[in-house]
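# Structural features, examined
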Amino acid sequence: MYIAMNRFKVKHGHEEEFETMWRNRDSYLKDMEGFKDFHLLKGPDRDDHRLYSSHTVWASEEAFMEWTRSQAFRDAHKNAGQNKHMYLEGPHFEGFSSVLAISE
């Protein structure tokens, strides 16, 4: 399993706009082989921003890498530059390979 996360520092006053953007966008994730799960996480409120994280779970790092090279990825991110006004800085990517999993 591989988890891909992007952290976003969303300026105060843009939280609702940010969440709506994610709810309404075409992600194309369900069409990708190896895709397992997606979550948009709302984190702590800081002095000048609210922290968010997009969190995708993949069958493997290779499945995630295939996603990043796909036309679906390009289509899903084609308008990302139009949303810079919401952020303090660009997203911060973190990728993790699973070494232990415990489920219900």
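Here's what I pulled together on the structure shown here. (Residues numbered from 1 in each chain as written. Predicted model: local features only at pLDDT ≥ 70, side-chain atom pairs only at ≥ 80, totals over all residues. Heavy atoms only, no water.)

## Focus on helix H1 (residues 15-24)
- Within the span of H1, buried status applies to Glu15, Phe18, Glu19 and Trp22. Projected down its long axis, H1 shows its buried positions confined to an angular sector of 95°, all on one face. More than 90 degrees from the buried face of H1, the exposed residues found are Glu16 and Asn24.
- Where H1 is buried, its residues meet strand S1 (2-11), strand S2 (35-45) and strand S3 (49-58). (Buried < 20%, exposed > 50% of the residue type's maximum accessible area, 1.4 Å probe, protein only. Helix = DSSP H or I, 4+ residues; strand = E, 2+ residues; numbered from the N terminus. Arc of directions from axis to C-beta. Contact = heavy atoms within 4.5 Å.)

## Some thoughts on the pairing of S3
- A large share of S3 lies buried, amounting to 9 of its 10 residues.
- Strand direction decides the pairing type here: S1 and S3, joined by 10 bridges, are antiparallel. Its bridge partner lying in S3, Lys9 is registered against Leu51.
- Counted between consecutive antiparallel strands, the loop separating S2 from S3 contains 3 residues. (Pairing = 2+ DSSP bridges.)

## Comments concerning a nonpolar patch on the surface
- A grouping of Val99, Leu100 and Ile102 is seen on the molecular surface, where their side chains present a nonpolar patch of about 430 Å² in accessible area.
- Residue placement: Leu100 occurs in the segment after strand S4 (92-97). (Patch = residues over 30% accessible without salt bridge, like charges linked within 9 Å, V, L, I, M, F, W, Y side chains within 5 Å. Areas by Shrake-Rupley, 256 points an atom, 1.4 Å probe, with all protein chains shown as cover. Salt bridge = Lys/Arg side-chain N within 4 Å of Asp/Glu carboxyl O.)

## Thoughts on unusual backbone geometry
- Positive phi outside glycine occurs at Tyr28, with the angle close to 65°.
- With respect to the helices and strands, Tyr28 occurs in the loop between H1 and S2.
- For Tyr28, a relative accessible area of 29% gives the class partly exposed.

## Side note on the packing of aromatic side chains
- Counted according to the given criterion, the structure contains 13 aromatic pairs.
- Centroid distance Phe8 to Phe18: 5.4 Å. Interplanar angle 55°. Geometry classified as tilted. Highlighted residues: Phe8 in strand S1 and Phe18 in helix H1, separated in sequence by 10 residues.
- On the basis of relative accessible area, Phe18 is assigned to the buried category, the value being 0%.
- Ring geometry for Phe35 against Trp58: centres 5.5 Å apart, planes inclined by 70°, an arrangement best described as edge-to-face. Here Phe35 is found in strand S2, whereas its partner Trp58 is found in strand S3, with 23 residues between them in sequence.
- What makes Phe35 buried here is its relative accessible area of 18%.
- Given the relative accessible area of 0%, Trp58 is considered buried.
- Every member of this aromatic cluster is reached through a ring pair, and the members are Tyr2, Phe35, Trp58, Phe64, Trp67, Phe73 and Phe93. (Phe/Tyr/Trp six-rings, centres within 6.5 Å; stacked < 30°, edge-to-face > 60°.)

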